[in-house]
Amino acid sequence: MSTSTSALGETLVDAGSIRARIVEVAAEIDARYAGADQPVVLLCVLKGALIFSADLARQLSIPIEIDCITVRSYGPDTRSAGEVELVKGVTTELQGRDVLIVEDIVDTGHTAAFLQRNLVELGARSVRLVTLLDKTSRRARHVHIDWHCFRIPDRFVVGYGLDHGERYRNLVDVRAIDVV
Ligand code: 5GP
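Residues numbered from 1 in each chain as written. Predicted model: local features only at pLDDT ≥ 70, side-chain atom pairs only at ≥ 80, totals over all residues. Heavy atoms only, no water.

Observations concerning the pairing of strand β2 (residues 40-46)
The element β2 is largely enclosed, with a buried count of six among its seven residues. Of the strand pairs in this sheet, β2 and strand β5 (residues 98-106) are connected by four bridges, and their pairing is parallel. Considered in β5, the bridge of C44 is made with V102. (Buried < 20%, exposed > 50% of the residue type's maximum accessible area, 1.4 Å probe, protein only. Helix = DSSP H or I, 4+ residues; strand = E, 2+ residues; numbered from the N terminus. Pairing = 2+ DSSP bridges.)

Pasting the structure below:
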C-alpha cells in the first residue's frame, strides 16, 4: 500500500463524456471487425481497464469473447518502472485469433509494446489496441494505438478504473490527483 498522501484534483474527463465517447469508439470498432469469421477476443488489461472494458463490451454489436491479463508496470508510486512483468496470462487459445487489447491508459508505452509483442508471439492473427486515455507527452517508445477515447496532459489520474494505491477506481469521472 502507498505511504504517500494525495489530494484529488480537477475532473479531466467526466462520466457523461466517457459514455458518449465509448458509443462512438464502439461503432468504429464494430465497423472495423464487421464480417469477421470468428468472435474478437476482447482482452481486458487488469485492473485498470476493468470498468472501461465492461462498458465498451456492452456497446459492441460484433461477436466477442472476453479474457483478462494482468501485468505490472508501476510500483506503489506514480513512476513507470520501465519494465513490464506478466502477472497472470490469458486462458484463451489465441492462435489465429483477432485480439483487441483494452487498456486504461497508454503512458510511456512500455506496457502496450510488451502486450503487442507477447500476443503476436502467442500466434494472434491480428492485435489491435483501444485505450481510454492517451498520455502522449510521456511516450518513451512507439506504439500503434488503433483507437483512443481521450488524450490527456501529463497528470497522474485516477477514477473510472484507474487507481492510486488501489483507491479511487470507483470514481465515475477521471480526475487528476496531486501525489505529495
Ligand atoms: P505505460 O507502460 O504506458 O507507461 O503505463 C501503462 C500503465 O501505467 C497503465 O496501464 C496504468 O496502470 C499505469 N498508469 C500510467 N499513467 C497512469 C496514471 O496517470 N494514473 C494511473 N492510475 N495509472 C497510470
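Having seen it, we continue.
Examining the sheet that holds strand β1 (residues 6-13)
Reading across the sheet, the three strands line up as β1-β9-β8 and stay open at both edges, with antiparallel pairing between neighbours. Pairing within the sheet leaves two strands with one partner each, and these edge strands are β1 and β8 (157-158).

Some words on the packing of aromatic side chains
For the coordinates displayed, the defined rule picks out one aromatic pair. With centroids separated by 6.4 Å and ring planes inclined at 40°, the aromatic side chains of Y33 and W147 adopt a geometry described as tilted. Here the residue Y33 occupies a position in helix α1 (residues 15-33), and W147 occupies one in strand β7 (residues 147-151), the gap between them amounting to 114 residues. (Phe/Tyr/Trp six-rings, centres within 6.5 Å; stacked < 30°, edge-to-face > 60°.)

Section: the site of the ligand
What surrounds the ligand is a group of 18 residues, the closest being D104, T108, T111, V157 and D163. Separating an oxygen atom of the ligand from a side-chain N or O atom of D104 is a distance of 2.8 Å. Here a nitrogen atom of the ligand and a backbone polar atom of D163 are 2.7 Å apart. For the ligand, whose accessible area on its own is 510 Å², the fraction buried by protein is 92%. (Near = heavy atom within 4 Å. Polar contact = N/O pair within 3.5 Å; in protein donor to acceptor, adjacent residues only side chain to side chain. Areas by Shrake-Rupley, 256 points an atom, 1.4 Å probe, with all protein chains shown as cover.)

Focus on the pattern of salt bridges
Opposite charge on two side chains allows them to pair when their charged atoms are near. For the structure shown, the criterion picks out 15 salt bridges. The salt bridge involving D37 is made with R125; its shortest N-O contact spans 2.9 Å. You can see D37 sitting in the loop between α1 and β2 and its partner R125 sitting in the loop between α3 (110-121) and β6 (126-134), a full 88 residues away along the chain. Given the relative accessible area of 44%, R125 is considered partly exposed. With a closest N to O distance of 3.9 Å, R138 and D154 form a salt bridge. Of this pair, R138 sits in the loop between β6 and β7 while D154 sits in the loop between β7 and β8, placing them 16 residues apart in sequence. We classify R138 as partly exposed; its relative accessible area is 29%. (Salt bridge = Lys/Arg side-chain N within 4 Å of Asp/Glu carboxyl O.)

Structural notes on α1
Side chains that are three or four residues apart share a direction in an α-helix, a result of its 3.6 residues per turn. Taking 1.5 Å per residue, 19 residues should reach 27 Å; α1 reaches 27 Å between its end C-alpha atoms and fits that length. One side-chain oxygen at the N-terminal end of α1 lies 3.0 Å from the backbone nitrogen of G16; it belongs to D14. Of the residues trailing α1, G35 is marked for its positive phi of about 85°. (Expected span 1.5 Å × (residues − 1).)

A closer look at unusual backbone geometry
Along the chain, L46 connects to K47 via a cis peptide bond; the corresponding omega equals -5°. Structurally, K47 is set in the loop between β2 and α2 (50-57). Its identity as a non-glycine residue notwithstanding, Y160 has a phi of 50°, on the positive side. Within the secondary structure, Y160 sits in the loop between β8 and β9 (174-179). Take Y160: its relative accessible area is 6%, and that puts it in the buried class. Its identity as a non-glycine residue notwithstanding, Y168 has a phi of 80°, on the positive side. For Y168, a relative accessible area of 12% puts it in the buried group.

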